[in-house]
Amino acid sequence: MAQLGNLRHRPVRRLTQLYAGLVLYGVSMALMIRSGLGLDPWDVFHQGLARQTGLSFGTVTIAVGALVLLLWIPLRQRPGLGTVSNVVVIGLVVDATVLVLPPGEGLPVRAALLVVGIVANGAATGLYLGAGLGPGPRDGLMTGFTARHPRLSLRLVRTVIEVTVLALGWLLGGTVGVGTVAYALAIGPLAQLFIPIFALPARPANAYAG
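Residues numbered from 1 in each chain as written. Predicted model: local features only at pLDDT ≥ 70, side-chain atom pairs only at ≥ 80, totals over all residues. Heavy atoms only, no water.

**Here's the deal with the overall build of the chain**
Secondary structure assignment for the chain yields 10 helices and 0 strands. What you see in the chain, going N to C, is helices and strands ordered as α-α-α-α-α-α-α-α-α-α. Based on the C-alpha atoms only, the size of the chain along its principal axes is roughly 60 × 35 × 30 Å. Here the chain holds 210 residues, and the buried ones make up 45% of them. Summarising the internal contacts of the chain: among those between residues at least 6 apart in sequence, 80% fall at separations of at least 24. Carbon and sulfur atoms make up 70% of the accessible area of the chain, which totals about 10700 Å². Counting 15 positive and 6 negative side-chain charges, the chain places the averaged centre of each group 16 Å from the other. (Helix = DSSP H or I, 4+ residues; strand = E, 2+ residues; numbered from the N terminus. Buried < 20%, exposed > 50% of the residue type's maximum accessible area, 1.4 Å probe, protein only. Contact = heavy atoms within 4.5 Å. Areas by Shrake-Rupley, 256 points an atom, 1.4 Å probe, with all protein chains shown as cover. Lys, Arg positive; Asp, Glu negative; His and termini not counted. Charge placed at Lys NZ, Arg CZ, Asp CG, Glu CD.)

**Some details on a nonpolar patch on the surface**
The grouping of Phe145, Leu152, Leu156 and Val160 at the surface amounts to a nonpolar patch, some 310 Å² of accessible area in total. With respect to the helices and strands, the residue Leu152 is situated in the loop between helix 8 (137-148) and helix 9 (154-172). The partly exposed category is assigned to Leu152, whose relative accessible area is 33%. (Patch = residues over 30% accessible without salt bridge, like charges linked within 9 Å, V, L, I, M, F, W, Y side chains within 5 Å. Salt bridge = Lys/Arg side-chain N within 4 Å of Asp/Glu carboxyl O.)

**What to know about the confidence of the model for the chain**
A residue-level look at the chain finds 92% of positions with pLDDT of 70 or above and a mean pLDDT of 89. For the chain, the element scoring lowest by mean pLDDT is helix 1 (residues 2-5), at 54; helix 3 (residues 41-53) scores highest, at 96. (pLDDT = per-residue confidence, 0-100.)

**Topic: helix 4 (residues 57-70)**
Over its 14 residues, helix 4 runs 20 Å from end to end, which matches the ideal 20 Å to within 8%, given 1.5 Å per residue. Buried within helix 4 we find Phe57, Gly58, Val60, Thr61, Val64, Gly65, Val68 and Leu69. (Expected span 1.5 Å × (residues − 1).)

**Side note on unusual backbone geometry**
Of note in the backbone geometry, Arg76 takes a positive phi value of approximately 60 degrees without being a glycine. When you line up the elements, Arg76 lands in the loop between helix 5 (72-75) and helix 6 (81-100).

**As for the side chain of Gln17**
For Gln17, the location among the structural elements is in helix 2 (residues 11-35). Owing to a relative accessible area of 4%, Gln17 belongs among the buried residues under this scheme. With sequence-adjacent residues up to four places away left out, Gln17 is seen in contact with Gly126, Leu127, Tyr128, Gly130, Ala131, Phe198 and Leu200.

**Focus on the nonpolar core**
Looking at soluble globular proteins, one finds that nonpolar side chains tend to be buried together. Among the nonpolar cores identified, the biggest contains 27 residues, and Tyr25 and Val94 are the most heavily contacted of them. When residues of this core are assigned to their parent elements, the largest contribution, 7 residues, is made by helix 2. Ignoring sequence-local partners within four residues, the contact set of Tyr25 consists of Ile90, Asn121, Ala124, Thr125, Tyr128 and Tyr183. Ranked by size, the runner-up nonpolar core spans 15 residues in total, among them Phe45, Val68, Leu69 and Ile161. (Core = buried A, V, L, I, M, F, W, Y, C linked by side-chain atoms within 4.5 Å.)

**Structural notes on the packing of helix 2 against helix 6**
Close contact between helix 2 and helix 6 brings their axes to 8 Å; oriented N to C, the two are set at 40 degrees. If you check the angle between helix 2 and helix 6, you find them oblique. In terms of crossing hand, the pair formed by helix 2 and helix 6 is right-handed. Side by side, helix 2 and helix 6 meet where Leu15, Leu18, Tyr19, Leu22, Val23, Tyr25, Gly26, Val27, Met29, Ala30, Ile33 and Arg34 of the first sit next to Leu81, Gly82, Ser85, Asn86, Val89, Ile90, Val93, Val94, Thr97 and Val98 of the second. Counted by class, the contact of helix 2 with helix 6 contains 16 nonpolar, 5 polar and 1 charged residues. (Axes fitted to C-alpha atoms, helices over the stretch in contact; angles between N-to-C directions. Parallel < 35°, antiparallel > 145°, perpendicular 65-115°, else oblique. Left-handed = near helix turned anticlockwise from the far one by under 90°. Nonpolar A, V, L, I, M, F, W, Y, C, P; charged D, E, K, R; others polar.)

**Observations concerning helix 9**
The terminal C-alpha atoms of helix 9, which comprises 19 residues, lie 27 Å apart, in line with the 27 Å expected from a rise of 1.5 Å per residue. Buried within helix 9 we find Val157, Ile161, Glu162, Val165 and Gly169. One face of helix 9 carries all of its buried residues, which in axial projection span an arc of 115 degrees. Away from the buried face of helix 9 by more than 90 degrees, exposed residues Arg155, Trp170 and Leu171 are located. Summarising the contacts, the buried residues of helix 9 are in contact with helix 3 and helix 8. For helix 9, the capping residue at the N-terminal end is Ser153, with a side-chain oxygen 3.0 Å from the backbone nitrogen of Leu156. In the segment just after helix 9, Gly173 is the residue with positive phi, at about 105 degrees. (Arc of directions from axis to C-beta. Polar contact = N/O pair within 3.5 Å; in protein donor to acceptor, adjacent residues only side chain to side chain.)

Right under this line is the structure:
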C-alpha cells in the first residue's frame, strides 16, 4: 500500500498531521451543525439519515463512510491508514464536539460558527491530505470512479455525486441553507490554499540519488 510506505519518511510528522487534520475536520463539522445555517452536501445527507434513524450524526457518518469504502472494491482502490482513520475518527470527534458545543444564539454568533467551521474544514482538508496517508472514502470514490471511466471528468463525477447526496439529504430532513452555498463556493479555494502549505513529500529528495 503506497500510502503506508510514506510512513518511512517523517512518520511522526505525518501521523501527527493526519490525526490533527481529522480531529479538526470533525470539529469543523460540529461548528457548521451548531450554526444551523446549512451543511455541505454529504453532511446534509448524514444529518437527514440521523434524523430518520435516531442515530447520532457521528454514528451515521462512520456507517456511511464504511459503506462508501466498500464501493472502493469494484473500483480497485486501495485504502491507506488515513482512509480508515477518516471513517472512524471524524465521526467520533463530531459527536463529542456537538455534545459540548451549544447551538449558536443570534445570527452574528451563528454566522461566526459557520465561517470558522468552513475555514477550519479547508485547513483540516489540507492537513490530512497533505500527510499523504490516503484520501477520505468519499474523495476516493470520486477519484476511483474517474480512473475507471476516464471519459468522465472529475468535476462531472463530483458534481453528480454531491448533488445526489444533497438532494437525498434534503428529502430526509437535512439542513440546506446559506451555509450549503457558502461551503460550495469557499471549499475549493480554501483547499487550494491549504493543501500546498501542508503537503509533505512522499520521500526525501535525495532518496532518488543514485
